[in-house]
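# Commentary on secondary and tertiary structure
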Amino acid sequence: MVAMGSLEASLQVFSGAAPFIKYDSTYSFGSFLKYKKKTGTNVMRFFKCSSIYNQVPTIPTVRFGNLKRFESLDCKCQNAESVSGFTTENENGTWFVDNDSKFNTIQETGRSPNLLGSKDVQTFKKESESSVSDIIEEEAWDLLRESIVHYCGSPIGTIAANDPTSSSVLNYDQVFIRDFIPSGIAFLLKEEYDIVRNFILHTLQLQSWEKTMDCHSPGQGLMPASFKVRTVPLEGDDTATEEVLDPDFGEAAIGRVAPVDSGLWWIILLRAYGKSSGDMSLVERIDVQTGIKMILKLCLADGFDMFPTLLVADGPCMIDRRMGIHGHPLEIQALFYSALMCAREMLAPEDGSADLIRALNNRLVALSFHIREYYWVDLKKLNEIYRYKTEEYSYDAVNKFNIYPDQIPPWLVEWMPNKGGYLIGNLQPAHMDFRFFSLGNFWSVVSSLVTVDQSNAILDLIEAKWADLVADMPFKICYPALEGQEWQIITGSDPKNTPWSYHNGGSWPTLLWQLTVACIKMDRPEIAAKAVKIAEERLAQDKWPEYYDTKRGRFIGKQSRLYQTWTIAGYLVSKLLLANPNKAKILMSDEDSDLVNAFSCMITSNPRKKRGPKNSQKTYIV
Ligand code: GLC
């Protein structure tokens, strides 16, 4: 056990190397993709398409931190097969297209009413319920496969929405990184690994793309929000075409929002791929290791911030419009923590990465301490805030962030249940955003960012506030909605984010899968099962909408897409995991005992002792 006298000292526990799954240091045999950038355009040309699939050994020429991680060109991918259409797998495991099977809805497959004869009512009800559920699941699989996007003849992702009724496509015809996560998990659970592997490798190539917005370039570790496969005329040959990948890092997105969550999700999916397929060779590849490090470097870079949480602009994640979540939003912190935990397992302990691993470990401890201590609210904590003294200038201030008690919103005084609690949405100097954000709370449970007691309390609150958070469609993206002047000021009078719609308190069925993983982790799957049942009654009939509106989630969202892929995939992942809860482990992280020790040292340390030069601190190893 380790006992230390201060925060600084407690962080010294983690100067050693991180645990690692399995690592073969013979990097020179890792396969390597080469590309050439077409200057003056925003498209990337992939050459040697086959190398990504065939693992051809080449000698890597990685210059870490340098743009040109991959050079040279070799072959061209011409006239690859169509990206849409119903796809399925033949005996040989190759994909083919069957456009006739498009949009085979549940109505067409004949959802029959309850026609009872002499059969026992209960048994029949159960049987017919499960057969209806099977039909819905089958339809969901058909639609998911139909959404697959191909590149150079291989599946590499799923389109965001496949809505034939929508007049404006916007960017819903693209593969979004965050939207692909439930699709990828669904394929992993079905033991269909290729599409996930291809997705991971192709998006990795996009990471090193030179991106600019009005002459400014964001950090090199940034992953795109989305990408599109375009068919373009082949240079120098008018009669032929080729496929290119065209990424969007936010430079074309509405509001020019930076997709901070993309890289974090990418790391989480990579670990899930390794854990479920058992194929560690992907994680061990030098380009993949470099990709992980680039994301980490970007996230762990020093800045002006006083907090261990990641400082971001508004709309950096699933909520990708102005919603007043800039600063230190919970969703980003939960994904950040989860990605750090996953990367810690996967990083190769090689020369040169010791500093990065040390920084990663230190950040994990500081981040979990900060979130558990300062983001947590329950009735007791609320009462403490209510009685806070303000303007405390000192190192041992109780009200460290100078929160004025009048900030406690009237709705919360009524809403907070006697049993249960949650993590608030954001914490800034003199500002607590008390809204409940679902994804951030779910993923804090999944990643062990919060304690076991806090995790259970979050689920208690969900049960207690079911009528507000679930009602007629799981799950509210946040609660409550911003209304009136608050809506005007915080969203900038955004007509898409009116109260109880879209990001402003809308209900998003895709959130089912994250809820399911959280419930399984806490051994309370019945909560998720109840939510899935509610969703199942409407999703297929409503044509798998992106989101629902109104306080109870009764209407299909005003501008909601139909056949939204992550609605379909989220439902499937929930069903698959509830049927086989053990498999949820590929997404969870358990609390590490080293972290727990360091964490408890921080709690017991006297903040006054934190001053002074670092080397005056002592480390006690017992
Ligand atoms: C919307 C959502 C975003 C999602 C995208 C594609 O912009 O806000 O989270 O990734 O649609 O579905």
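About the criteria used
- Sequence order as written defines the numbering, with residues in each chain counted from 1.
- For this predicted model, a pLDDT threshold of at least 70 governs which residues receive local features, and a threshold of 80 or more governs which side-chain atom pairs are given and counted, while totals over whole chains, interfaces and linings are taken from all residues.
- To get the side-chain values, all heavy atoms of the structure are used, and hydrogens and water are removed first.
- Secondary structure is summarised from DSSP: a helix means a run of H or I of at least four residues, a strand means a run of E of at least two, and numbering begins at the N terminus for each.
- Accessible area is worked out with a 1.4 Å probe on protein chains only. A residue is then buried under 20% of its type maximum, exposed over 50%, and partly exposed in between.
- Should any heavy atoms of two residues lie within 4.5 Å, those residues are counted as being in contact.
- Computed with the Shrake-Rupley method and a 1.4 Å probe, the accessible areas treat only the protein chains shown as cover for residues.
- When the centres of two rings from Phe, Tyr and Trp lie within 6.5 Å, Trp using its six-membered ring, the rings pair. Their planes under 30 degrees apart give stacked, over 60 give edge-to-face, and anything left gives tilted.
- Note on geometry: a ring has a charge over it if NZ (lysine) or CZ (arginine) is within 6 Å of the ring centre and within 35 degrees of the ring normal.
- Whether a residue is near a molecule or strand depends on its heavy atoms: it is near if one of them lies within 4 Å of it.
- In protein, a polar contact requires one atom able to donate a hydrogen and another able to accept it; more generally it is a pair of N or O atoms within 3.5 Å, and residues adjacent in sequence count only if both atoms are side-chain atoms.
- Only strands joined by at least two bridges in the DSSP assignment are considered to pair.
- One speaks of a salt bridge when a side-chain nitrogen belonging to Lys or Arg is within 4 Å of a carboxyl oxygen belonging to Asp or Glu.
- What pLDDT conveys is the predictor's confidence in a given residue, as a value from 0 to 100.
- Fitted lines through C-alpha atoms give the axes, limited to the stretch in contact for helices. The angle between two N-to-C directions lies from 0 to 180 degrees.
- Definitions for this section: a left-handed crossing has its near helix turned counterclockwise from the far helix by less than a right angle. A right-handed crossing has that turn clockwise.
- For this classification, Asp, Glu, Lys and Arg are treated as charged, while Ala, Val, Leu, Ile, Met, Phe, Trp, Tyr, Cys and Pro are nonpolar and the rest, including Gly, are polar.
- Multiplying 1.5 Å by the residue count of a helix minus one yields the expected span of that helix.
- Angular relationships are summarised with four words: roughly parallel below 35 degrees, roughly antiparallel beyond 145, roughly perpendicular across 65 to 115, and oblique for the angles in between.

Attention shifts here to the overall build of the protein chain. Of regular secondary structure, the protein chain possesses 20 helices and 17 strands. With 622 residues in all, the protein chain has 57% of them scored as buried. At a minimum sequence separation of 6, the contacts of the protein chain that also span at least 24 residues come to 73%. For the protein chain, the computed accessible surface area is about 26,000 Å², with 51% contributed by carbon and sulfur atoms.

To continue, consider the packing of aromatic side chains. Overall, the coordinates contain 22 aromatic pairs when judged by the stated rule. Ring geometry for tryptophan 411 against tryptophan 415: centres 5.6 Å apart, planes inclined by 70°, an arrangement best described as edge-to-face. You can see tryptophan 411 and its partner tryptophan 415 sitting in helix α12 (residues 410-415), four residues apart, about one turn around the helix. Classification of tryptophan 415 as buried rests on a relative accessible area of 4%. Cluster of aromatic residues (ring-pair linked, three or more members): Trp411, Trp415, Tyr422, Phe436, Tyr479 and Trp500. The ring of tyrosine 502 has lysine 496 sitting right over it, with the charged end atom 4.2 Å from the ring centre. If you follow lysine 530 out to its NZ or CZ, it ends over the ring of tryptophan 466, 4.3 Å from the centre.

The next point concerns the site of the ligand. For the ligand, the full set of nearby residues is Ala160, Tyr172, Phe176, Arg178, Asp179, Met318, Asp320, Tyr502, His503, Glu546, Gln564 and Trp566. The contact in question runs from an oxygen atom of the ligand to an N or O atom on the side chain of tyrosine 172, over 3.4 Å. Histidine 503 places a side-chain nitrogen or oxygen 2.7 Å from an oxygen atom of the ligand. About the coverage of the ligand: the protein hides 95% of its 310 Å² of free accessible area.

Neither face of strand β6 (residues 148-151) is open: one carries Ile148 and His150, the other Val149 and Tyr151, and all of them are buried. In terms of strand pairing, β6 meets strand β7 (residues 154-158) through four bridges, oriented antiparallel. Each residue of the ladder has a partner; that of histidine 150, found in β7, is proline 155. In sequence, β6 turns back onto β7 through a hairpin of two residues, with cysteine 152 there showing a positive phi of about 50°.

This part covers the environment of aspartate 163. Looking at the secondary structure, you find aspartate 163 in the loop between β7 and β8 (175-176). Measuring from C-alpha to C-alpha, the distance between aspartate 163 and serine 560 comes to 9.9 Å, with 397 residues separating the pair along the chain. Aside from chain neighbours lying at most four places away, what touches aspartate 163 is Arg561 and Leu562. Engagement of the side chain of aspartate 163 in a polar contact is seen with the side chain of threonine 165, the distance being 2.5 Å. Among the polar contacts listed, one links the side chain of aspartate 163 to the backbone nitrogen of leucine 562, at a separation of 2.8 Å.

In this section: unusual backbone geometry. Phi is mostly negative for residues that are not glycine, and the peptide bonds are mostly trans. In this model, proline 474 is joined to phenylalanine 475 through a cis peptide bond whose omega is 5°. Locating phenylalanine 475 in the fold gives a position in the loop between α15 (466-469) and β14 (478-479). Look at glutamate 391: it is not a glycine, yet its phi comes out positive at around 55°. Positive phi outside glycine occurs at alanine 471, with the angle close to 50°.

Another aspect to go through is the sheet that holds strand β12 (residues 421-428). The sheet built from four strands is open, its strands ordered β11-β12-β13-β14 with antiparallel pairing. Taken across any chain shown, the strands that pair with only one partner, and hence form the sheet edges, are β11 (376-378) and β14. Strand direction decides the pairing type here: β11 and β12, joined by three bridges, are antiparallel. Looking across to β12, one finds that tryptophan 376 is bridged to leucine 423.

The next point concerns the pattern of salt bridges. Throughout the structure, instances matching the rule amount to 22 salt bridges. Residue aspartate 433 is joined to arginine 435 by a salt bridge in which the shortest nitrogen-to-oxygen separation is 2.7 Å. Across the pair, exposure class does not vary: aspartate 433 and arginine 435 are buried alike. Here arginine 552 makes a salt bridge to aspartate 472, at a shortest N to O gap of 3.2 Å. Within this pair, whereas arginine 552 is found in the loop between β15 (548-549) and β16 (555-556), its partner aspartate 472 is found in the loop between α15 and β14, the two being separated by 80 residues in sequence. Relative accessible area serves as the criterion here: at 40%, arginine 552 is assigned to the partly exposed category. Aspartate 472 gets classed as partly exposed once you look at its relative accessible area, which sits at 22%. Each of Lys419, Asp460, Glu463 and Arg524 takes part in one network of salt bridges that share partners.

Two strands pair when backbone bridges link them, and strand β9 (residues 226-234) and strand β10 (residues 237-248) are joined in this way by nine bridges, in the antiparallel orientation. Following the sheet pairing, serine 226 is matched in β10 by aspartate 248. Connecting β9 to the antiparallel partner β10 that follows it, the hairpin turn spans two residues, and glycine 236 within it adopts a positive phi of roughly 80°.

All right, on to the confidence of the model for the protein chain then. For the protein chain, the average pLDDT comes to 81, and 76% of its residues sit at 70 or higher. A low-confidence stretch, residues 1-76 stays under pLDDT 50, and its non-local contacts, those more than four residues away or across chains, total 200 contacts. Within the model, pLDDT remains below 50 along residues 615-622, and this stretch shows 20 contacts once partners closer than five positions in the same chain are excluded.

This brings us to the packing of helix α9 (residues 330-346) against helix α10 (residues 354-375). One can describe the packing of α9 onto α10 by two numbers: an axis separation of 10 Å at closest approach and a directional angle of 145°. Judged by the sense of rotation from one axis to the other, the crossing of α9 with α10 is left-handed. Seen from α9, the contacting residues are Leu330, Gln333, Phe336, Tyr337, Leu340, Met341, Ala343 and Arg344; seen from α10, they are Leu360, Asn361, Arg363, Leu364, Leu367, Ser368, Ile371 and Tyr375. Its residues assigned to classes, the contact of α9 with α10 shows eleven nonpolar, three polar and two charged.

So, about helix α4 (residues 177-189). Its 13 residues give α4 an end-to-end C-alpha distance of 18 Å, which sits within 8% of 18 Å, the value for a rise of 1.5 Å per residue. When you tally the buried positions in α4, you get 13 out of 13 residues, the bulk of the element. Remark: glutamate 191 follows α4 within two positions and exhibits a positive phi of approximately 60°.

What follows is about the packing of helix α6 (residues 260-277) against helix α8 (residues 286-300). For the pair α6 and α8, interaxial distance at closest approach is 10 Å and the crossing angle is 140°. Judged by the inter-axis angle, α6 sits oblique to α8. Of the two elements, α6 crosses α8, and the hand of that crossing is left-handed. Every residue of α8 that contacts α6 at Gly263, Leu264, Trp266, Ile267 and Leu270 is listed here: Val288, Gly291, Ile292, Ile295, Leu296 and Cys299. A class-by-class count of the residues in the contact of α6 with α8 yields nine nonpolar, two polar and no charged.

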